[in-house]
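Breakdown of the fold
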Amino acid sequence: STAGILVSDCNSGINNITITNSSVYGGKYTGGVVGYGYTYVTNCTLTNCVVKGGYKLGGVIGYICASDEGNDVTGCTLTNCTVSGTDGQYADNKSQYIIGKVVGNYNCNGSCSNNMVANMTTEATSLIGKIEAGNNVTIENNVCGVSTPAQLKEAIIEGGKIELMNDITVDKWIMFSEDLNIGDGSIITIDEINVTIDGKGHTLTVNAIESAGNNDQLFQGASKLNISDLTIK
């Protein structure tokens, strides 16, 4: 295992750790704070950190198991961090990466809640890379901070609460409506995804809408979308 603070532990807790400008490479279990843990991790802050692992990896913890002290990963913040595999190099003869923005692999019951990720570079598409069968993990009140159109699109697909970190300009809006191949991408439906966008006083500028299926509406069919404090041009 490799980690920013603790490689491996049993029946312990990690709380209120701040890590800045850290780089962690390699390992079967890799995390920005903990590699492999029977633990809980709460209220940790990571800024400008790089986490690259060979199998199971996460921005906060690579692999978490049941602990007598608790099994939650909550209240953590990751800003301008990179979480990715080691460029095709795998640990222990594995042939895939299990990557989560916050947790790589959950092998216990627990909660991954009240975390925030902002401006993250990663191939991970969710906060948790994998939850092992038979385990129940609560995932709620997490926030994704976005600064670019690509980050906004990814966050909307994933669902949950989104906060704009700055003004965003979209050249071609093709996010909403039915799944339809148009030009340079596929329109993503969010009918069944709960999305809340907090503009934080910023502006979303849309230069063009490219869609044959949403009648040139930005949010056609988005019945579970909530928007506040956002100027749309």
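Computed from a predicted structure; not experimentally measured.

With parallel pairing, 3 strands are arranged side by side in an open sheet as 23-27-29. Looking at the sheet topology across the chains shown, the edges are occupied by strand 23 (168-170) and strand 29 (231-232).

Further remarks concern the nonpolar core. The biggest cluster of nonpolar side chains holds 50 residues, and the ones touching the most others in it are Val 33, Val 41, Val 60, Val 73, Val 102, Val 103 and Tyr 106. Of all the elements, helix 1 (residues 149-158) adds the most residues to this core, at 3 residues. Once residues lying within four places of it in the same chain are set aside, the contact partners of Val 41 are Ile 14, Val 33, Val 34, Val 60, Ile 61, Asp 72, Val 73, Thr 74 and Cys 76.

This next bit is on the pattern of salt bridges. Summed over the entire model, instances satisfying the criterion amount to 7 salt bridges. We note a salt bridge from Glu 163 to Lys 161, for which the minimum N-O separation is 4.0 Å.

Note that His 202 resides in the loop between strand 26 (195-198) and strand 27 (203-206). You can call His 202 partly exposed: its relative accessible area is 21%. Along the sequence, His 202 and Thr 231 sit 29 residues apart, while their C-alpha atoms lie 6.4 Å from each other. Each residue touching His 202, except ones within four places of it in the same chain, is listed here: Leu 164, Met 165, Asn 166, Asp 167, Asp 229, Leu 230 and Thr 231.

So, how was this worked out
Residues numbered from 1 in each chain as written. Predicted model: local features only at pLDDT ≥ 70, side-chain atom pairs only at ≥ 80, totals over all residues. Heavy atoms only, no water. Pairing = 2+ DSSP bridges. Helix = DSSP H or I, 4+ residues; strand = E, 2+ residues; numbered from the N terminus. Core = buried A, V, L, I, M, F, W, Y, C linked by side-chain atoms within 4.5 Å. Buried < 20%, exposed > 50% of the residue type's maximum accessible area, 1.4 Å probe, protein only. Contact = heavy atoms within 4.5 Å. Salt bridge = Lys/Arg side-chain N within 4 Å of Asp/Glu carboxyl O.

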